[in-house]
Amino acid sequence: MSATGATVPRRKGEDGPRLFFHHADSPKSGRNRLHLDVSTVAEGQPTREQLDAEKDRLVALGATVVRLVDQSWGEWPELYHQMQDPEGNEFCLQ
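Bear in mind the structure is a predicted one, so any value in this text is a computation, not a measurement.

A. The overall build of the protein chain, seen in detail. Scanning the protein chain for helices and strands turns up one helix and four strands. Listing each helix as α and each strand as β along the protein chain from the N terminus yields β-α-β-β-β. Counting every position in the protein chain, which comprises 94 residues, the buried fraction comes to 17%. Within the protein chain, residue pairs in contact and separated by at least 24 positions form 35% of the contacts whose partners lie at least 6 positions apart. For the protein chain, the exposed surface amounts to about 7,500 Å²; the carbon and sulfur share of it is 51%.

Have a look at this one:
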């Protein structure tokens with residue numbers, strides 16, 4: 001655990017974290033305490049077709065789409081679906 005209270009688990013030989021756990025100093029109220037960003041491709045950015053195909057696959061399994069985010073922050077484009085699993089837990093599909 002770091003000085004900020006965050007934990008970054010890694011497998012031996014991996015370049016970066018797969019999950020990032022951050023300390024929460026209060027009970028959950030409202031939004032998720034754990035939020036996952038799920039990548040549709042192993043490297044780089046997915047095409048719109050890849051993103052939509054994976055969204056459709058997850059919807060067929062019981063997920064719901066909250067909204068599509070298609071915007072830019074200066075030079076950085078953002079394209080992802082904010083979704084919920086069947087229990088209402090939110091995650092982003094990017």
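B. Region of interest: the nonpolar core. Grouped together as the largest cluster of nonpolar side chains are six residues: Leu51, Leu58, Ala63, Met83, Phe91 and Leu93. Looking at this core, the elements that each hand over two or more residues are helix 1 (48-60) and strand 4 (90-93). When near neighbours in sequence (up to four residues on either side) are disregarded, alanine 63 contacts Leu58, Met83, Gln84 and Phe91.

C. View of the environment of leucine 51. Positionally, leucine 51 belongs in helix 1. Judged by relative accessible area, leucine 51 falls into the buried class, the value being 0%. Taking the C-alpha atoms as reference points, leucine 51 and serine 39, twelve residues apart in sequence, are found 8.9 Å from one another. Those residues in contact with leucine 51, other than ones at most four positions away along the chain, are Thr40, Pro46, Leu79, Tyr80, His81, Leu93 and Gln94.

D. Representation of a nonpolar patch on the surface. Residues Leu34, Leu36 and Val38 make up a contiguous nonpolar surface patch of about 220 Å² in total accessible area. In this structure, valine 38 sits in strand 1 (residues 36-38).

E. Seen up close, the sheet that holds strand 4. Sheet architecture is open: four strands sit in the order 1-4-3-2, paired in mixed fashion. Looking at which strands have only one partner, the edges of the open sheet turn out to be strand 1 and strand 2 (64-73). If you compare each strand with its neighbour and ignore which way they point, the axes differ by 25 degrees on average. Together, strand 2, strand 3 (76-84) and strand 4 form the strand contacts of helix 1, whose direction differs from that of strand 3 by roughly 10 degrees.

F. Molecular detail of helix 1. When the terminal C-alpha atoms of helix 1 are compared, their 18 Å separation across 13 residues agrees well with the 18 Å that a helix rising 1.5 Å per residue should span. Every buried residue of helix 1 is listed here: Leu51, Lys55 and Leu58. For helix 1, the angular spread of the buried residues around the axis is 65 degrees, confining them to a single face. The exposed residues of helix 1 that point more than 90 degrees off its buried face are Glu49 and Ala60. Buried residues in helix 1 make contact with strand 2, strand 3 and strand 4. Of the residues flanking the end of helix 1, it is glycine 62, one or two places downstream, whose phi is positive at about 120 degrees.

Procedures and definitions
Residues numbered from 1 in each chain as written. Predicted model: local features only at pLDDT ≥ 70, side-chain atom pairs only at ≥ 80, totals over all residues. Heavy atoms only, no water. Helix = DSSP H or I, 4+ residues; strand = E, 2+ residues; numbered from the N terminus. Buried < 20%, exposed > 50% of the residue type's maximum accessible area, 1.4 Å probe, protein only. Contact = heavy atoms within 4.5 Å. Areas by Shrake-Rupley, 256 points an atom, 1.4 Å probe, with all protein chains shown as cover. Core = buried A, V, L, I, M, F, W, Y, C linked by side-chain atoms within 4.5 Å. Patch = residues over 30% accessible without salt bridge, like charges linked within 9 Å, V, L, I, M, F, W, Y side chains within 5 Å. Salt bridge = Lys/Arg side-chain N within 4 Å of Asp/Glu carboxyl O. Pairing = 2+ DSSP bridges. Axes fitted to C-alpha atoms, helices over the stretch in contact; angles between N-to-C directions. Expected span 1.5 Å × (residues − 1). Arc of directions from axis to C-beta.

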